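Chain and residue survey
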Amino acid sequence: IAIIAKSIDGFSKDTSLKIFGNPLIQVGDIVTLTYKLVGINEVPFVVQSVKHSFNQGLETELVLNAVGPGTQY
């Protein structure tokens, strides 16, 4: 399960999320998100930041930026 929070800044397309640990994701990777509850359907994002932590298991925190100036979600 991912927790998605859109940035409050109206000009920013940054999205932060936490996922089960995945050490293969790197800055610069292109990922697509689908989260139908908020109308996100296969929207491409570039990975801007990656942070790993290990508490009860590996967790990966990502900051993503929408690809393309016209990306709407």
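For the structure given in this document, a descriptive report is provided here. (Residues numbered from 1 in each chain as written. Predicted model: local features only at pLDDT ≥ 70, side-chain atom pairs only at ≥ 80, totals over all residues. Heavy atoms only, no water.)

Remember that side chains alternate between the two faces of the sheet whenever the strand is regular. The sheet contact formed by strand 3 (residues 30–35) and strand 4 (residues 40–54) spans five bridges and is antiparallel. Considered in strand 4, the bridge of Ile-30 is made with Val-46. (Pairing = 2+ DSSP bridges. Helix = DSSP H or I, 4+ residues; strand = E, 2+ residues; numbered from the N terminus.)

Glancing now at the pairing of strand 5 (residues 58–66). Bridge count between strand 2 (residues 14–20) and strand 5: seven bridges; the pairing is antiparallel. Counterpart to Lys-18 in the pairing with strand 5 is Glu-61. Both strand 4 and strand 5 contribute to a ladder of nine bridges, which runs antiparallel. The partner of Phe-45 across the bridge, within strand 5, is Ala-66. Where strand 4 folds back onto strand 5 in an antiparallel hairpin, the turn is made up of three residues.

By the element assignment, Asp-14 lies in strand 2. In this structure Asp-14 comes out as partly exposed when scored by relative accessible area, which is 23%. Between the alpha carbons of Asp-14 and Gln-48 there is a distance of 8.7 Å; along the sequence they are 34 residues apart. At a separation of 2.8 Å, a polar atom in the side chain of Asp-14 contacts the side chain of Asn-65. (Buried < 20%, exposed > 50% of the residue type's maximum accessible area, 1.4 Å probe, protein only. Polar contact = N/O pair within 3.5 Å; in protein donor to acceptor, adjacent residues only side chain to side chain.)

Core analysis: the biggest nonpolar cluster contains eleven residues, these being Leu-17, Ile-25, Val-31, Leu-33, Ile-40, Val-43, Phe-45, Val-47, Leu-62, Leu-64 and Ala-66. Secondary structure elements with two or more residues in this core: strand 3, strand 4 and strand 5. At four residues, the largest contribution of residues to this core is made by strand 4. (Core = buried A, V, L, I, M, F, W, Y, C linked by side-chain atoms within 4.5 Å.)

The residue Glu-42 is not glycine, and still its phi comes out positive at about 50 degrees. Of note, Glu-42 is situated in strand 4. The exposure class assigned to Glu-42 is exposed, which follows from its relative accessible area of 60%.

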